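# Secondary and tertiary structure notes
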Amino acid sequence: MYQLALSRMREFYREPEAVFWVFGFPIVLAFALGLAFRNTGPGKLQVGVAGGPGDSALAATLGASPRLIATVLDSASARLRLRTGRIALLVIPGDPVVYRYDSTRTESGLARLEVDDVLQRARGRNDLVAVRDDRVVAPGSRYIDFLIPGLLGMNLLGSGIWGVGFSVVQARQRKLLKRYMATPMRRSHYLLSFILSRLVFLIVEVVALVGFGWLLFGVAVRGSFAALAGITVLGSFAFAGLGLLVASRAKTIEGVSGLMNLVMLPMWILSGTFFSYSRFPDAMIPFVKALPLTALNDALRAVMIDGAAVTTLGTPLAIVVAWGAVSFVIALKIFRWR
Amino acid sequence: MLGPNGAGKTTTIEILEGLTQPDSGDVEILGMRWQDGAPGRALRERLGIQLQETQLADKLTVSEVLGLFRSFYRQSHSVDEVLALVELEEKRKARVVTLSGGQKQRLAVACALVSKPELLFLDEPTTGLDPQSRRQLWEIIRRFRADGGTVLLTTHYMEEAERLCDRVAIMDHGKIIAQGTPKELIASLGADHVVDFALTEGGTADDLVEVLRQMGGVSAVRTGPDGVSLTVVELHRALPALLALLKARGVELSLLTTHHATLDDVFVALTGRQLRDT
């Protein structure tokens, strides 16, 4: 089994493309997304002032606010910019002053509050309650903090299913499985060797991604590293089992690729990798939570962001283990050895 | 096991190897029958198997592949020993993908030999190889045999069967149609030479065939699209008689060859088809 696992690892690291997709790609993705969603605070809001009497004075008043950029626009270009989202809100001077904006856009709502506040104060409104701003930047609440555990989960899913599924079907296609069957090799050793080699790669994957997040974006692991290691091992086991199941019957690479995408795509979208799954309708949530990637992502986030103890993560971890064990047993039963 | 492509050689050998379930009948290998679990593995310990279409992992080196295969067995040759057996020592560090067809085939045989088998199954080990690679493989098989091993090999080259095998089973359409030593099979023709000839006129009158059959020393006459084929006992008597007969009839030869009878002629005699045509 050790020799089988060793062969598996050699075949893998001698395939530069595979190495990139497993190790390089998630890091590139984390880097790009981390840059795109870095915490620069809310940017300045673009607002338009419709042409009319007193327009430039109004624009100057609004422009004085540090959070607004105000431009005077004729009605045609104002309509266009509002529709395409290049301005968040259009102020039409007059009595009353009219705010035109799309109330479903978060930015527009913010712009309305800010514009109204500036205008009212300029006309001499007095604040009745004394307030003071206390600004904090909480690490762990940034998008990158949310993203890194999700990417880790996605990476474990991808490398488990690709790494196992692909090599099994390739061996079957090349009649190598049949050749192994002609030796006294134990069948369970063959399948377990995949899990063993996955565990070795797991260490590299986790260290690479978590180390990258920590070095570049200061994403810390608040919980214990032992808990993180334990969870990733369980996740990796579950996905290797799933990979074996996906590959248990397929005879061609094309066939198994379709199956792998069928398994992975829904989880990429549903399991809260890039955005929280709480955005899905309530009726879907129990289903989404039963997916192995959701459970794994939840557990990873709980440990990395909230510093939760493993003992509080019974439910998600049980889901992960159940997926792995059931897949492995079914795979062993229905596996096509020739 | 000699037979044309599609005769059922691979199916037969894979049933013997316990890789394919037979529809009916019994298989006994080294006094044992195929069973799942430990007894089956114990039997596999004693066999060496090379399959026709296996492609070994491209990215591994020769010695890594052998290291993997030897890890499946309780007792085995060391990687060095088995590399010496198949003369691949200088390719030890080469990746499988860089090997030539003949070297790949020798590596496949090495994977079968690594377990020190008592019985070696080779399924068309030389198909598609150049003559030099083929002779190298023959040498490996001969050495294994000389050391007391038993080999079952399938082939569609009658030359290979004649040179390597103690016993030959000729197979066609899923049935063994003849078996024995190469000598016995050839002797079953009742003659040891074959004369092939063709006439310029094309075609052959039926009465000529009848006359040939009556000729001294001729044991069989077959006509085909390419001409006439005679199986003869005494070439030195039959050939002058044939030439005299043709001269007397005033027909010209466009082709005349003679050869010692081979397994190919046995196959033709049994099936009416040539082994190499199929």
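Being a predicted model, the structure only gives us computed values, none of them experimental.

Before going further, it helps to examine the overall build of chain B. Helix and strand content of chain B: eleven helices and nine strands. Taking the principal axes of its C-alpha atoms as reference, chain B extends roughly 75 × 45 × 30 Å. Buried positions account for 34% of the 278 residues belonging to chain B. Considering only contacts in chain B between residues 6 or more positions apart, those separated by 24 or more positions represent 69%.

Here we come to the domain arrangement of chain A. Taken as a whole, chain A is organised into domain 1 (2–37 + 139–334) and domain 2 (45–122). Of note, the centres of domain 1 of chain A and domain 2 of chain A, computed from C-alpha atoms alone, are 48 Å apart.

Once that is clear, we can look at the packing of helix H9 (residues 225–246) of chain A against helix H13 (residues 314–334) of chain A. Residues and elements named next belong to chain A. Where H9 contacts H13, the two axes come as close as 7 Å, and the packing angle between them is 30°. Judged by the angle between their axes, H9 and H13 are roughly parallel. Note that H9 runs across H13; the crossing there is left-handed. Every residue of H13 that contacts H9 at Ile 231, Leu 234, Gly 235, Phe 237, Ala 238, Gly 241, Leu 242, Leu 244 and Leu 245 is listed here: Leu 317, Val 320, Val 321, Trp 323, Gly 324, Ser 327, Phe 328, Ile 330 and Ala 331. In the contact of H9 with H13, the residues fall into 14 nonpolar, four polar and no charged.

In this section: the nonpolar core. Residues Leu 244 of chain A together with Val 65 and Ala 110 of chain B are the most contacted members of the largest nonpolar core, which totals 133 residues. Among the elements that take part in this core, helix H6 (residues 143–173) of chain A stands out by supplying 16 residues, more than any other. Non-local contacts of Leu 244 of chain A, meaning those with residues more than four positions away in its chain, are made with Val 164, Val 168, Leu 191, Phe 194, Ser 327, Phe 328 and Ala 331 of chain A.

Turning our eyes to something else, we now look at the pairing of strand E7 (residues 218–224) of chain B. Residue and element names in this part refer to chain B. The pairing of E7 with strand E8 (residues 227–232) spans six bridges and is classified as antiparallel. Paired with Val 218 across the bridge in E8 is Val 232. Counting the residues that bridge the hairpin from E7 to E8 gives two residues.

Attention now goes to the sheet that holds strand E6 (residues 193–199) of chain B. Paired through backbone hydrogen bonds, the strands of a sheet run either parallel or antiparallel to each other. Residue and element names in this part refer to chain B. Within the open sheet, the four strands sit side by side as E7-E8-E6-E9. Their pairing is antiparallel. Across the chains shown, the open sheet's two edge strands, defined by having one partner strand only, are E7 and strand E9 (253–260). Within the sheet, the average angular offset between the axes of one strand and its neighbour, ignoring direction, is 15°. Summarising the sheet, E6 and E9 pair through seven bridges and their orientation is antiparallel. Bridging from a neighbouring strand, Asp 196 pairs with Thr 257 of E9. Along the sheet, helix H10 (residues 235–249) makes contact with E6, E7, E8 and E9, crossing E6 at roughly 15°.

Right, let's talk about the interface of chain B and chain A for a bit. At the junction of the two partners, chain B supplies 21 residues and chain A supplies 17 residues. Contributions of two or more residues to the side of chain B that touches chain A are made by helix H2 (38–45) and helix H3 (62–70) of chain B. Per element, the largest residue contribution to the side of chain B that touches chain A is four residues, and it comes from H3 of chain B. Residues of the side of chain B that touches chain A, tallied by class, amount to ten nonpolar, four polar and seven charged.

As a further point, take helix H3 (residues 55–63) of chain A. Residue and element names in this part refer to chain A. Among the residues of H3, Leu 58, Ala 59 and Leu 62 are the ones counted as buried. What you see down the axis of H3 is that its buried residues fit within an arc of 100°, all on one side. For H3, the exposed residues set more than 90 degrees away from the buried face come down to Ser 56, Ala 57 and Ala 60. At its buried positions, H3 is contacted by strand E1 (45–50), strand E2 (68–73), strand E3 (89–92) and helix H5 (106–122).

The next subject is unusual backbone geometry. Following Asp 95 of chain A, the chain continues into Pro 96 of chain A via a peptide bond in cis, with omega recorded as 5°. Mapping Pro 96 of chain A onto the fold places it in the loop between E3 and strand E4 (98–100). Of note in the backbone geometry, Leu 30 of chain B takes a positive phi value of approximately 50° without being a glycine. With a phi angle near 45°, Glu 124 of chain B is a residue other than glycine that sits in the positive phi range. Note on Glu 124 of chain B: 23 C-beta atoms within 10 Å, which makes it buried.

Turning our eyes to something else, we now look at the packing of H6 of chain A against helix H12 (residues 292–304) of chain A. All names here are of chain A. Packing of H6 against H12 leaves a shortest axis separation of 9 Å and a crossing angle of 140°. With respect to H12, the element H6 is oriented oblique. Read as a crossing pair, H6 and H12 show a hand that is right-handed. Listed contacts from H12 to Pro 149, Gly 150, Leu 152, Gly 153, Leu 156 and Leu 157 of H6 are Leu 293, Leu 296, Asn 297, Leu 300, Arg 301 and Met 304. Taken together, the residues that form the contact of H6 with H12 break down as eight nonpolar, three polar and one charged.

All names here are of chain A. Taken together, four strands build an open sheet; the order of strands is E2-E1-E3-E4 and the sheet is mixed. Only two strands of the sheet have a single partner each, and these edge strands are E2 and E4. Adjacent strand axes in the sheet meet at a mean angle of 25°, parallel and antiparallel pairs treated alike. The pairing of E1 with E2 spans six bridges and is classified as parallel. Looking across to E2, one finds that Ala 50 is bridged to Leu 73. Packed on one face of the sheet, H3 meets E1, E2 and E3 and runs near 165° to E2.

Quick notes on the rules
- Residues numbered from 1 in each chain as written.
- Chains lettered and ligands numbered in written order.
- Predicted model: local features only at pLDDT ≥ 70, side-chain atom pairs only at ≥ 80, totals over all residues.
- Helix = DSSP H or I, 4+ residues; strand = E, 2+ residues; numbered from the N terminus.
- Buried ≥ 20, exposed ≤ 12 C-beta atoms within 10 Å, placed from the backbone.
- Contact = placed C-beta atoms within 7 Å.
- Domains from an automatic or database assignment.
- Axes fitted to C-alpha atoms, helices over the stretch in contact; angles between N-to-C directions.
- Parallel < 35°, antiparallel > 145°, perpendicular 65-115°, else oblique.
- Left-handed = near helix turned anticlockwise from the far one by under 90°.
- Nonpolar A, V, L, I, M, F, W, Y, C, P; charged D, E, K, R; others polar.
- Core = buried A, V, L, I, M, F, W, Y, C linked by C-beta atoms within 7 Å.
- Pairing = 2+ DSSP bridges.
- Arc of directions from axis to C-beta.

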